[in-house]
Amino acid sequence: MELAQVRLLVSDFAACYRFYADVLGLKPQSGATNGPYEKFSPAVGSAGIALQDRAMMAEVLGELADTADGHRSLVVLRVDDLDACCERITSRGATLLRGPAPMTDRMRVAHLKDPEGNLVELQEWLLLRG
């Protein structure tokens, strides 16, 4: 079994598309800016993040019609230089909730939210520094 992607169910597809493509700088697979589906890939690694229109998935499953509330997911992205990454994404419109700051003696993190309120954690692994 191989993890193909983490898929987020979103109501405002276009806003989330812009966030993952333009703010975080992930590469979209097809350019489907209005959905109902798009996969995004980082520059390295094989895992991906996908967006799925919530209303479409509600039709498929016969549920999920209610608006999501509360924190239901946390997307984690590893970066080589947390400070540079945070500077880059805030210049593109991201608002950091916390950080960059130490989380443990082995990791520094920053937290932000996408337009749907999904939490995103950026991690810099200190053990990988030379």
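Residues numbered from 1 in each chain as written. Predicted model: local features only at pLDDT ≥ 70, side-chain atom pairs only at ≥ 80, totals over all residues. Heavy atoms only, no water.

1. Side note on the nonpolar core
Defined as follows: Take the buried residues of types Ala, Val, Leu, Ile, Met, Phe, Trp, Tyr and Cys, join any two whose side-chain atoms come within 4.5 Å, and each joined set is a nonpolar core. A simple rule labels every residue: compare its accessible area, found with a 1.4 Å probe on the protein chains alone, to the largest value its type can have, and call it buried under 20%, exposed over 50%, or partly exposed in between. A run of H or I in DSSP becomes a helix once it reaches four residues, and a run of E becomes a strand once it reaches two; helices and strands are each numbered from the N terminus. Residues are treated as being in contact if the distance between any of their heavy atoms lies within 4.5 Å.
Membership of the largest hydrophobic core comes to 26 residues, with the highest contact counts inside it found for Tyr20, Leu24, Leu51, Ile89, Leu112, Val120 and Leu122. If you list the elements that add at least two residues to this core, you get β1 (6–10), α1 (13–23), β4 (49–53), β5 (74–78), α3 (82–91), β7 (107–113) and β8 (119–125). Leaving out residues up to four positions away in the same chain, Tyr20 has contacts with Leu8, Gly25, Leu26, Phe40, Ile49, Leu51, Val75, Asp114, Asn118 and Val120.

2. Some remarks on a nonpolar patch on the surface
Here is the rule: Within this analysis, patches are made of residues with over 30% relative accessible area and no salt bridge. Like charges are joined at 9 Å or less; nonpolar side chains (Val, Leu, Ile, Met, Phe, Trp, Tyr) at 5 Å or less. Each accessible area is a Shrake-Rupley estimate made with a 1.4 Å probe; only the visible protein chains count as cover when residues are assessed. The rule for a salt bridge is simple: a side-chain nitrogen of Lys or Arg has to be within 4 Å of a carboxyl oxygen of Asp or Glu.
A contiguous nonpolar surface patch, about 270 Å² in accessible area, is contributed by Met56, Val60 and Leu61. Within the fold, Met56 resides in helix α2 (residues 54–61).

3. Some details on α3
Our working definition: The arc under discussion is defined with respect to the helix axis, by the directions toward the C-beta atoms. Side-chain atoms alone can form a polar contact between residues adjacent in sequence; in general such a contact is a pair of N or O atoms within 3.5 Å, and within protein one must be able to donate a hydrogen while the other accepts it.
Residues of α3 that are buried: Leu82, Cys85, Cys86 and Ile89. Along the long axis of α3, the arc covered by the buried residues comes to 100 degrees, so they all point the same way. Looking at α3, the residues exposed on the side facing more than 90 degrees away from the buried face are Glu87 and Ser91. Looking at the buried residues of α3, the elements they touch are α1, β6 (96–104), β7 and β8. The N-cap of α3, judged by a side-chain oxygen 3.3 Å from the amide nitrogen of Asp83 a few residues on, is Asp81. Where α3 ends, the next residue or the one after it, Gly93, has phi of about 115 degrees, a positive value.

4. Description of the pattern of salt bridges
One pass over the full model with this rule turns up three salt bridges. Linking Asp83 and Arg108 is a salt bridge whose minimum nitrogen-to-oxygen distance equals 3.1 Å. Of this pair, Asp83 sits in helix α3 while Arg108 sits in strand β7; the two residues are 25 residues apart in sequence, bridging distant segments of the chain. With a relative accessible area of 14%, Arg108 lands in the buried category. The network of salt bridges with common partners includes Asp83, Arg108 and Glu124.

5. What to know about the environment of Asn34
With respect to the helices and strands, the residue Asn34 is situated in the loop between β2 (27–28) and β3 (37–41). Residue classification places Asn34 among the exposed positions, given a relative accessible area of 63%. Considering only alpha carbons, one finds Asn34 and Cys16, 18 residues apart in sequence, at a separation of 9.7 Å. Sequence-distant contacts of Asn34, that is, excluding residues within four places in its chain, are made with Phe13 and Ala14.

6. A closer look at the side chain of His111
Within the secondary structure layout, His111 lies in strand β7. Engagement of the side chain of His111 in a polar contact is seen with the side chain of Glu121, the distance being 2.7 Å. The residues touching His111, leaving out its near neighbours within four places in the chain, are Leu96, Leu97, Arg98, Met103, Val120 and Glu121.

Purely geometric numbers; function is a separate question.
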